Amino acid sequence: MTFGAILTALVALLFLGYYTGRKRSISLSDKSNQRLHSLPQHYGYLIAFWSSVPALLILLFWSVLESSVINAAIVAQLPAQLQQLSADELGLFINEIINLSHSSAPISDDVKRHAVLYYKELIEFSDWVKSIVVFVLAFVAMFVALAFVKPEMQARNLVENLIRWAMIACASIAVLTTIGIIFSVIFESIIFFKTVNVFDFLFGTHWSPQEAIREDQVGGSGSFGALPLFVGTLLISFVALVIAVPLGLMSAIYLSEYSSLRFRSFAKPVLEMLAGIPTVVYGFFAAITVAPFIRDLGESLGLSLSSESALAAGIVMGVMIIPFVSSLSDDVISAVPQAMRDGSYAMGATKSETIKQVIIPAALPGIVSGVLLAASRAIGETMIVVMAAGLSANLTFNPLEAVTTVTVQMVTLLTGDQEFDSAKTLAAFALGLGLFLTTLVLNIISLYVVRKYREQYD
Amino acid sequence: MINIKKREELDIKIDKTVGKPFINDAKFSTRNVDVFYGEKQAIFDANIDIGKNQIIAMIGPSGCGKSTFLRCLNRMNDTIQDCHISGDIKLDDEDIYQRQQDPVLLRARVGMVFQKPNPFPKSIYDNVAYGAKLHGLAGSKIELDELVEKSLTRAGLFKEVKDSLHKPGTGLSGGQQQRLCIARTIAIDPEVILMDEPTSALDPIATAVIEELMISLSKKYTIAIVTHSMQQAARVSQRTAYFHLGYLVEVNDTNTVFTNPEHQLTENYITGRFG
């Protein structure tokens, strides 16, 4: 049976388990004239769990291990000289066997033909054993669980425990994924830092990742000073935040404190739509409207500017992240209790005094997290920068010059035609690690700020 | 007009307020006050004087409009959308609803204490200093310190909090929080203090402390208090007003209202027949 068929059968077993468990609990209680400890469906849930979940876990486990076991078995029966091949070549050979097993073309090579036949045999055998094991386990677990059903069994509490474990499993998957990503980035970065010195990477001011592909080629020397990239990222993000924080915060205050309900119900979704526009559209807008406008404006002031600038990218990015600031701030400002406002008004405070002195301090944690969310969007933004700020790694704090950012360079590093273990591609992981650490530090700082200045209401 | 229907069901007429609604030397005087929330009328033709340095208690069953009436006196109802008020409300013979009246300045003269203690999420000191800073009542830090101490002392709270002035006001007990709110109100030195069921969230001991405080404050301030407790009205107030379904039924000296009510509805309420 295929994986899908087994899965479908297990789902059917789940329902079967539910009904038998329910029924059995009712009939037992009728027979013994004893009141059930829990509702009949709790017994049903328990039996449904035992009749499908353990079998499902075995099925998943089997499917994951299957291919490596079969591959090892194929290699074991290959002629000795083939077994001497390196791991990479063996992998290629096995891939070929698997591909051949799916095609119907005749195979001339004897060794390969034997291997393909053996592979097919193994797969078939594995499928059979898998189906039998899974169903035997499912039924055994179901009957054992049914045998445990008694009216005094605390099924409700057991179901509650199962739900608790299910929640723990969900939470750990999210956490483990994060940890996994961090570790993969760290390990690749360590390989990178074996070829490039950490300090040269962090504090080097020259970024030019082109390397010679052949020994004799006259190419770039490969210089990995990431400082211009991080400065570019921070410069553009700073411009974006300078635009987004005042605009977003003010519009949030207007929407939650001043505007009529009708205007708010119309304006808030429209404002939030800004976040839904694809970034490539923003990039387009930045490149063909804002950047030339800034260049022309600069020229009329006597400055000669390029049509790519950090300012153009930052402004457009700022507009894009306004909703992150405004929407979250609006929610937390609206959540400040009316009693706080009443208290302040009753003291003879005006609206703006109340907002400034009572509402904003009380809503500060939410506002800061909105700004943080906006900042991480700005730091991670790629498309607008590619289109409006350029690709040249200048170390400058002048927003009128062309700069590039960490994410943009990561894209260009990974879309090249170099091998995956060259310093050039590995540099992308090191940049990713740097970016991750930057946002982490920003998060820690803002947590500290919030804890220090928040005014908690109850 | 559901209110009128109910009134007919009770078959007791409310033509005009009985008792002694008007007095000489009034701090507040209201004439023909109607209050509407959108289409719904909450107060019908309220006429009453509130005497200087007196405590007036407003009693009545829930939803009778006593809190709404109280909130008219410092224009807190302005903050509620679609609330309309007609009629005259005069504070020291000046119409507080006239065009040139600034509600913000009015509220500095007419302070308010709410049902649920609502200290700001700031330190005890900042809570009390809040209004003084807004209105520029203290020229220097020393003056402000003195003002805070004086207000907390008058609210009977200073001894309890003098070592924790810079801890959050929200960390105090309910009764202390309410006294903090009173301290914060008297720090801006208002002429009138409105109290909207100030002890309904407190235990009997904290209530007794606040009641004593009200009596001592009434030497300096005019106090209007809304309460659900008739005992409280009897204990603290000189005059009592009875509201019923938006109508001001009876106003008189507290003693008279509780011993010899003129109106049948007042009698029903104070004898516990409904409410």
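What you see is a predicted model, and the numbers here were worked out from it, not measured in a lab. (Residues numbered from 1 in each chain as written. Chains lettered and ligands numbered in written order. Predicted model: local features only at pLDDT ≥ 70, side-chain atom pairs only at ≥ 80, totals over all residues. Heavy atoms only, no water.)

Our focus in this paragraph is helix 5 (residues 141–154) of chain B. Residues and elements named next belong to chain B. With 14 residues, helix 5 ought to run about 20 Å at 1.5 Å a step, and its terminal C-alpha atoms sit 20 Å apart, in line with that. Those residues of helix 5 that fall on the buried side of the exposure criterion are Leu144, Leu147, Val148, Ser151 and Leu152. Along helix 5, the residues classed as buried sweep out an arc of 125° about the axis, all on the same side. Those residues of helix 5 that are exposed and angled more than 90 degrees off the buried face are Ile142 and Glu146. Contacts made by the buried residues of helix 5 are with helix 4 (124–135), helix 6 (158–161) and helix 7 (174–187). Within two residues after helix 5, Gly156 carries a phi angle of roughly 70°, on the positive side. (Helix = DSSP H or I, 4+ residues; strand = E, 2+ residues; numbered from the N terminus. Expected span 1.5 Å × (residues − 1). Buried < 20%, exposed > 50% of the residue type's maximum accessible area, 1.4 Å probe, protein only. Arc of directions from axis to C-beta. Contact = heavy atoms within 4.5 Å.)

Residue and element names in this part refer to chain B. The phi angle at Asn32 is positive, at roughly 55°, despite the residue not being glycine. Inspection of the secondary structure puts Asn32 in strand 2 (residues 26–37). Its identity as a non-glycine residue notwithstanding, Asp189 has a phi of 50°, on the positive side. Among the secondary structure elements, Asp189 is positioned in the loop between helix 7 and strand 8 (192–196). Owing to a relative accessible area of 46%, Asp189 belongs among the partly exposed residues under this scheme.

Residue and element names in this part refer to chain B. Of the pairings in the sheet, the one linking strand 2 to strand 5 (residues 83–91) comprises eight bridges and is antiparallel in character. Looking at the pairing, Phe28 lines up with Leu91 of strand 5. Of the pairings in the sheet, the one linking strand 5 to strand 6 (residues 94–95) comprises two bridges and is antiparallel in character. From the neighbouring strand, Leu91 faces strand 6, where its bridge partner is Glu94. Adjacent in sequence and paired antiparallel, strand 5 and strand 6 are bridged by two residues, among which Asp92 carries a positive phi angle near 50°. (Pairing = 2+ DSSP bridges.)

All names here are of chain A. For chain A, the domain assignment lists domain 1 (3–153), domain 2 (156–195) and domain 3 (221–453). For domain 2 versus domain 3, the distance between C-alpha centres works out to 29 Å. Listed per partner, the contact involves nine residues of domain 2 and nine residues of domain 3. Area buried by domain 2 at its contact with domain 3 is led by Val185, Glu188 and Phe192, which between them contribute 59% of it. One can count zero salt bridges joining domain 2 with domain 3. Where domain 2 packs against domain 3, one counts one residue pair in polar contact (both at pLDDT 80 or more). Broken down by class, the residue content of the side of domain 2 that touches domain 3 amounts to six nonpolar, two polar and one charged. (Domains from an automatic or database assignment. Buried area = accessible area lost by both parts, 1.4 Å probe. Salt bridge = Lys/Arg side-chain N within 4 Å of Asp/Glu carboxyl O. Polar contact = N/O pair within 3.5 Å; in protein donor to acceptor, adjacent residues only side chain to side chain. Nonpolar A, V, L, I, M, F, W, Y, C, P; charged D, E, K, R; others polar.)

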